[in-house]
Amino acid sequence: MTTTTPPVEGPRRVKRGSGIGNAGLYIAVGIAALLFLLPFYLIVRNSLMQDPEITGENWKWFPSHIQWGNITEPFHDVTVDFGRSLVNSAIVAVLTTVGTLLVCSLAGYGLARIPYRHANKVFYAVLATLMIPTAVTFVPSFVLVSSLGWVDSYRGLIIPGLFSGFTCFLFRQYYLGFPKELEEAARVDGLGYWGAYWRIVVPNSLNFFAAMATITFISGWNSFLWPLVIGQDPSAWTVQVALSSYMTNQTVNYHLIFMATAISILPLVFVFLFLQRWLVQGVAQTGIKG
C-alpha cells in the first residue's frame, strides 16, 4: 500500500496591488484626520498664548509660556457674562432637543401609521416647508414673538424652533420601516395609537432618538441669528452671541476669543463622542440612501 504525501504549499504571495491600495487608504485617512484636527489645534494653541505671540511674524507651533490663566479669563470679564451665556445655551439646547423630539416624533408617527386620506397632502406640505428660505419667515416669526412678549425670554428662544420639517421627515421614514407586528400585538392587548407609540415604538427606537438628539442639540447650541435678535438683553445671550461680542470695531482680544471658543465647544465634543455610534446607526435606519 503506497501513501502519497500532500504537496507542500509554498508561502502565499501577497498581492502587491492590495497592499499599495491599503497604504494609500491609510494615508488618505491620515491626511483627512489631520485636516479635521487642524482647527482644534489652532484653537487650543491660540487660547493658551498671549496676543503678541498670536499676531507675531514668526510662527510658533506651541506657546513659549503656556498661559493657564487664560482659562478663567472669560469668566472674569465684566463686559460679558460668559458663564450665564453657557447656562442659557445649555437650557435652550436641551429644551429644544426634548421638545423637537417629542413634537416631530409624534408628527412622523402619525403620518406613517395613522390612516387618514389627507396624510400624503399633509406630508407634502411638511416637505414644502423645507423649500422656504429662513429669511422669508424670520421677520414674521419675530413680529409674532414680539407681540406675545417673548423677547428676552426662554419661550422666545425655544418655542419657535420646536418643529423641524426635516426631523419630521426623518421620523416618518424611520417609522415606515418599523415592524408593524409589534404594534399589532400592542393593539391586541388593548393599546391605542398613543399607547403603542409610548410603550412599544419609543422603547424600541432609542438608537434613532439618540441620533436625532445629537443633531438637534448641536444645531440648538450653534444657533446664532435667532438668539441674537431675540436675546437683546445681555442676560439672555447664548454662548454664540457672547462670542461675537468679543470682536468689536475698536478692539479684538484674540486669546480671549479663542479660549472662550474652546470652552464653548467642549459640550459638543462630549455629546458627539458619547452618542456618535447611535448617530451613524440612526441615520442609516431612516432608509435614506446616498
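See the structure above.
None of these values were measured; they are calculated from a predicted model. (Residues numbered from 1 in each chain as written. Predicted model: local features only at pLDDT ≥ 70, side-chain atom pairs only at ≥ 80, totals over all residues. Heavy atoms only, no water.)

(A) Here's a closer look at the nonpolar core. Counting 24 residues, the largest nonpolar core has Phe-171, Tyr-175, Phe-209 and Met-212 as its most contacted members. Of all the elements, helix α8 (residues 165–176) adds the most residues to this core, at six residues. With residues up to four places along the chain from it excluded, the contact list for Phe-209 reads Leu-101, Ser-105, Phe-171, Tyr-175, Tyr-197 and Val-202. By size, the runner-up hydrophobic cluster in this structure holds 19 residues, among which are Leu-48, Trp-237, Val-239 and Met-259. (Core = buried A, V, L, I, M, F, W, Y, C linked by side-chain atoms within 4.5 Å. Buried < 20%, exposed > 50% of the residue type's maximum accessible area, 1.4 Å probe, protein only. Helix = DSSP H or I, 4+ residues; strand = E, 2+ residues; numbered from the N terminus. Contact = heavy atoms within 4.5 Å.)

(B) Representation of the side chain of Ser-89. Mapped onto the elements of the fold, Ser-89 is located in helix α4 (residues 82–113). You can call Ser-89 buried: its relative accessible area is 2%.

(C) Up close: the layout of surface pockets. Approximately 1100 Å³ is the volume found for the largest pocket. Residue lining of the largest pocket: 32 residues in total, with Thr-134, Pro-160, Gly-161, Phe-163 and Ser-164 positioned closest to the centre. Secondary-structure elements contributing two or more residues to the lining of the largest pocket are α4, α6 (134–147), α7 (154–158), α8, α11 (206–222) and α12 (225–230). Per-element accounting of the lining of the largest pocket gives the leading share, six residues, to α11. Each residue belonging to the lining of the largest pocket can be placed in one class, and the counts come to 17 nonpolar, 15 polar and no charged. Taken as a whole, the second largest pocket spans an internal volume of roughly 220 Å³. Lining of the second largest pocket is provided by Phe-36, Leu-37, Phe-40, Ile-218, Ile-265, Leu-268, Val-269, Phe-272 and Leu-273. Mapped by element, the contributors of at least two residues to the lining of the second largest pocket are α1 (16–47) and α14 (254–284). Element by element, the count of residues in the lining of the second largest pocket is highest for α14, at five residues. (1 Å grid on protein atoms, 1.4 Å probe; cavity = no way out; pocket = protein on both sides within 12 Å on 5 of 7 lines; lining within 4 Å. Points joined across faces, edges and corners; volume = space filled by probe spheres on them. Nonpolar A, V, L, I, M, F, W, Y, C, P; charged D, E, K, R; others polar.)

(D) Broad picture of the packing of aromatic side chains. Under the criterion given, the structure shown has 16 aromatic pairs. When the centroid spacing of 6.1 Å and the interplanar angle of 20 degrees are considered together, the rings of Phe-123 and Phe-169 count as stacked. One end of the pair, Phe-123, is in helix α5 (residues 119–129); the other, Phe-169, is in helix α8, with 46 residues separating them in the sequence. Ring pairing ties together the aromatic residues Tyr-109, Phe-171, Tyr-174, Tyr-175, Phe-178, Trp-194, Tyr-197, Trp-198, Phe-208 and Phe-209, which thus form one cluster. Of note, Arg-172 hangs over the ring of Phe-123, and the distance from its end group to the ring centre comes to 3.8 Å. (Phe/Tyr/Trp six-rings, centres within 6.5 Å; stacked < 30°, edge-to-face > 60°. Lys NZ or Arg CZ within 6 Å of the ring centre and 35° of its normal.)

(E) Quick peek at the environment of Ser-85. Mapped onto the elements of the fold, Ser-85 is located in helix α4. Residue Ser-85 is classed as buried on the basis of its relative accessible area, which comes to 1%. Sequence separation between Ser-85 and Thr-238 is 153 residues, and the spatial gap between their C-alpha atoms is 4.5 Å. Discounting residues that sit within four places of it in the chain, Ser-85 has contacts with Trp-237, Thr-238, Val-239 and Ala-242.

(F) Broad picture of the packing of α4 against helix α10 (residues 193–201). Where α4 meets α10, the axes come as close as 12 Å, and the angle between the chain directions of the two elements is 115 degrees. As α4 packs across α10, the resulting crossing turns out to be right-handed. Listed contacts from α10 to Leu-102, Ser-105, Leu-106, Tyr-109 and Arg-113 of α4 are Tyr-193, Trp-194, Ala-196, Tyr-197 and Val-201. (Axes fitted to C-alpha atoms, helices over the stretch in contact; angles between N-to-C directions. Left-handed = near helix turned anticlockwise from the far one by under 90°.)

(G) Quick peek at α11. Along its 17 residues, α11 runs 24 Å from first to last C-alpha, staying within 8% of the 24 Å computed at 1.5 Å per residue. Within α11 the residues assigned to the buried category are Phe-208, Phe-209, Ala-210, Ala-211, Met-212, Ala-213, Thr-214, Thr-216, Phe-217, Gly-220 and Trp-221. (Expected span 1.5 Å × (residues − 1).)

(H) Structural detail: a nonpolar patch on the surface. There is a patch of nonpolar side chains on the surface, built from Leu-102, Val-103, Leu-106, Phe-163, Trp-194 and Trp-198 and spanning about 600 Å² of accessible area. Listed by contribution, the elements that provide at least two residues to the nonpolar patch are α4 and α10. With three residues, α4 is the largest single contributor of residues to the nonpolar patch. By the secondary structure assignment, Trp-198 is in helix α10. (Patch = residues over 30% accessible without salt bridge, like charges linked within 9 Å, V, L, I, M, F, W, Y side chains within 5 Å. Areas by Shrake-Rupley, 256 points an atom, 1.4 Å probe, with all protein chains shown as cover. Salt bridge = Lys/Arg side-chain N within 4 Å of Asp/Glu carboxyl O.)

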